[in-house]
Amino acid sequence: MKWQKEFVVNGRKYIFDGMSVSIITDEISTLRQNLSYKVPNSQRSSTLKTLCLVLNNSCNLCCKYCFANNGMYNKPNEFMTFETAKKSIDFLIKTVREYKKEKITISFFGGEPLLSFKLIENCVSYIESFKNINCKYMITTNGTLLTPEIVQYFQKYNFDTMISIDGNKKLHDYCRKFNSGCGSYDKVVRGINLFNKKDILNARVTISNHNSEIHTYIEDILELGIKRITFAVDYNISSYSFNLYIKSLKKLIDKYYDDIMQGKYYEITNFSNIIISLALHQRKLTFCNAGISYLTVSADGKYYMCPRFVGNNDFAFFDVEESDKAKGKMEAFKKNLLNNPGERNLKCKNCVYVFICGGMCYHHAIASGKNIFENVPRECYQRMVMFEGIIKMICKIPVKNRRKLLLFYITLWNSVKGGIDYV
Ligand code: SF4
Ligand code: SF4
């Protein structure tokens, strides 16, 4: 296996070293030398610390690509009770205390979680009543039900607030409609404009057949005052749109570079994850932390790796009533993932990017009819394009601009309670 890859950027030779997750050159040995002392320790936890609560199986939108079948997970209109939420929170707190830790993250999800706002308030009050527990709150919402009171509440608790927005008005309205058939853009923008602290917002873009050229509309999202953007490609995107997306991704990286050089800073989390790994020489053993430090509880009280698996009994770990079985099941899963590299597919094992990537998304593999560790070639290809593009971009950026970029990220992350950590 060759653990190094050579790049020539502006006539200069750079080497990406996959083992140490670093860029080796004659004059800039690493990003870390300059920056790491200011970067918060974002090493992933190897024990449970985050619970995603699927508060309901209901949604007021009917988006074209929804993985949860209009938020219903094939079990329509189920709403989590406070009793279930409380048992899950107790389980999380008991577990972190066993490891003598006090930091937890609760992520509210749906359906549309704002249809259960009262439950959110009850969960937060309950968690805040614990001494020596420091909880960070996250929410993923379609943004259409935001009111001044809800926004004030999120700002009070510094909720890391992810709002789905699929481009400009025309694209978003096409992809994300109300059941009545009307587009939801105006309501979402009205909600975004209620925030004084826009730093706690993260725009989530789903790239599908209708909005594959992200470089053409990213500026429209930034103009809303949003400084953090995360994008993901719909598994069902056509080959034609996927190819357009790949071209657009390269143009987006060029635009990101130009903007950094002009002192215009914002975060694209897909890129910052790579940049931070390079800065800290972080070796990722898995693509995400689902099933290890992160679990999801469905509205009917079953634990899964992540929301994408909700309703798939093959991947239900245990029930909220039987959390005594939890530890053993999670340990077995973790052992399989982390201690058994033989399970990882050959392509990943032989990939120079494996420690910056972590391998395939388990759900993407399953949804593509493969086993949980198998490679999905198209997803893998887009990641390689991204790794290569970002590594080359970093090589081009002068050290002083890199420092400014990282300081910008850190300031942004500090606006969210408990900082940012991506699963
Ligand atoms: S998914 Fe692709 S890019 Fe990631 S480690 Fe595997 S082979 Fe490499
Ligand atoms: S990367 Fe895949 S397995 Fe991990 S949380 Fe996301 S959808 Fe789930």
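Residues numbered from 1 in each chain as written. Chains lettered and ligands numbered in written order. Predicted model: local features only at pLDDT ≥ 70, side-chain atom pairs only at ≥ 80, totals over all residues. Heavy atoms only, no water.

Quick look at helix α8 (residues 239-261)
Between its terminal C-alpha atoms α8 stretches 33 Å, which fits the 33 Å expected from 23 residues at 1.5 Å a residue. Residue G263 follows α8 closely and has a positive phi angle near 75°. (Helix = DSSP H or I, 4+ residues; strand = E, 2+ residues; numbered from the N terminus. Expected span 1.5 Å × (residues − 1).)

Observations concerning the site of ligand 1
Surveying the vicinity of ligand 1 reveals the residues K347, C348, C351, V354, C357, G359, M360, N375, C380, M384 and F387. Elements supplying a minimum of two residues to the shell around ligand 1: α11 (346-349), α12 (354-357) and α14 (377-396). No other element matches the three residues that α14 contributes to the shell around ligand 1. Residue composition of the shell around ligand 1, by class: eight nonpolar, two polar and one charged. (Near = heavy atom within 4 Å. Nonpolar A, V, L, I, M, F, W, Y, C, P; charged D, E, K, R; others polar.)

Things to note about helix α4 (residues 148-156)
It helps to recall that an α-helix has 3.6 residues per turn; residues three or four apart then point in one direction. Turning to α4, its buried residues number three or more, namely I150, V151, Y153, F154 and Q155. Summarising the contacts, the buried residues of α4 are in contact with α3 (117-128), β6 (134-141), β7 (160-164) and α6 (185-192). The positive-phi residue at the C-terminal boundary of α4 is N158, with phi of around 45°. (Buried < 20%, exposed > 50% of the residue type's maximum accessible area, 1.4 Å probe, protein only. Contact = heavy atoms within 4.5 Å.)

A word on the sheet that holds strand β3 (residues 22-24)
Picture the strands of a sheet paired through backbone hydrogen bonds; they go either parallel or antiparallel. Strand order in the open sheet made by the three strands is β1-β2-β3, with antiparallel pairing throughout. Each edge of the sheet is formed by a strand with only one pairing partner; in this case those strands are β1 (4-9) and β3. Each neighbouring strand pair of the sheet contributes to a mean axis angle of 30°, computed without reference to strand direction. Here strand β2 (residues 12-17) pairs with β3 via three bridges, running antiparallel. Across the sheet, residue D17 finds its bridge partner in β3, namely S22. Across the sheet, α14 touches β1, β2 and β3, and the angle it forms with β1 is around 55°. (Pairing = 2+ DSSP bridges. Axes fitted to C-alpha atoms, helices over the stretch in contact; angles between N-to-C directions.)

Section: the site of ligand 2
The environment of ligand 2 is formed by F287, C288, C306, R308, C361, Y362 and H363. Classifying every residue of the shell around ligand 2 by side-chain character gives five nonpolar, one polar and one charged.

A few points about the pattern of salt bridges
Evaluated as defined, the whole model comprises 15 salt bridges. In this structure, K118 engages E121 in a salt bridge whose closest nitrogen and oxygen atoms are separated by 3.4 Å. Highlighted residues: K118 and E121, both in helix α3, separated by three residues, approximately one helical turn. Across the salt bridge formed by D173 and K169, the nearest N and O atoms sit 2.9 Å from each other. With D173 and K169 both in helix α5 (residues 169-175) and four residues apart, this pair spans about one turn of that helix. (Salt bridge = Lys/Arg side-chain N within 4 Å of Asp/Glu carboxyl O.)

Here's the deal with the pairing of strand β8 (residues 201-207)
Counting buried positions along β8 gives six out of seven residues, so the element sits mostly inside the fold. Both β8 and strand β9 (residues 228-233) contribute to a ladder of five bridges, which runs parallel. Bridging from a neighbouring strand, A203 pairs with I229 of β9.

Some details on the environment of G111
Relative to the helices and strands, G111 is located in the loop between β5 (103-109) and α3. Considering only alpha carbons, one finds G111 and S129, 18 residues apart in sequence, at a separation of 27 Å. Those residues within four positions of G111 in sequence are excluded, and the remaining contacts are N56, S58, C59, G71 and Y73.

What about a positive patch on the surface?
Together, K247, K250, K251 and K392 line one region of the surface with positive charge. It is α8 that provides the largest number of residues to the positive patch, a total of three residues. Structurally, K250 can be placed in helix α8. The exposure class of K250 is partly exposed, given its relative accessible area of 44%. (Patch = residues over 30% accessible without salt bridge, like charges linked within 9 Å, V, L, I, M, F, W, Y side chains within 5 Å. Areas by Shrake-Rupley, 256 points an atom, 1.4 Å probe, with all protein chains shown as cover. Lys, Arg positive; Asp, Glu negative; His and termini not counted. Charge placed at Lys NZ, Arg CZ, Asp CG, Glu CD.)

Concerning the nonpolar core
Core analysis: the largest hydrophobic core is formed by 133 residues, its most contacted members being F108, F231 and F271. Broken down by element, the residue count for this core peaks at nine residues, all from α8. F231 has contacts with V205, I207, I214, Y245, L249, L252, I268, N270, F271 and M386, leaving out every residue within four places of it along the chain. One finds L61, C63, Y65 and F178 within the second-largest nonpolar core, a separate group that totals five residues. (Core = buried A, V, L, I, M, F, W, Y, C linked by side-chain atoms within 4.5 Å.)

Notes on the sheet that holds strand β12 (residues 302-304)
With mixed pairing, 10 strands are arranged side by side in an open sheet as β10-β9-β8-β7-β6-β5-β4-β11-β12-β13. Both outer strands of the open sheet, β10 (267-268) and β13 (316-319), are each paired with one neighbouring strand and no more. Bridge analysis of β6 against β7 gives four bridges, and the strand direction is parallel. For T140, the partnering residue across the bridge sits in β7 and is M162. Most of the contacts of helix α2 (residues 82-98) go to β5, to which it runs at about 155°, and overall it touches β4 (50-54), β5, β11 (294-297), β12 and β13.

Overview of the packing of aromatic side chains
By the definition in use, this model includes 26 aromatic pairs. Measuring from centroid to centroid gives 5.2 Å for Y137 and F159, while their planes differ by 15°, and the two rings are stacked. Of this pair, Y137 sits in strand β6 while F159 sits in the loop between α4 and β7, and the two are 22 residues apart along the sequence. Taken as a pair, Y137 and F159 share a single burial class, namely buried. Ring geometry for F242 and Y245: centres 6.0 Å apart, planes at 50°, overall tilted. You can see F242 and its partner Y245 sitting in helix α8, three residues apart, about one turn around the helix. Positioned above the aromatic ring of F242, the side-chain terminus of R378 is 4.9 Å from the ring centre. The aromatic ring of Y257 is capped on one face by K396, whose charged end is 4.1 Å from the ring centroid. (Phe/Tyr/Trp six-rings, centres within 6.5 Å; stacked < 30°, edge-to-face > 60°. Lys NZ or Arg CZ within 6 Å of the ring centre and 35° of its normal.)

Interpretation in functional terms is not warranted from these geometric data alone.
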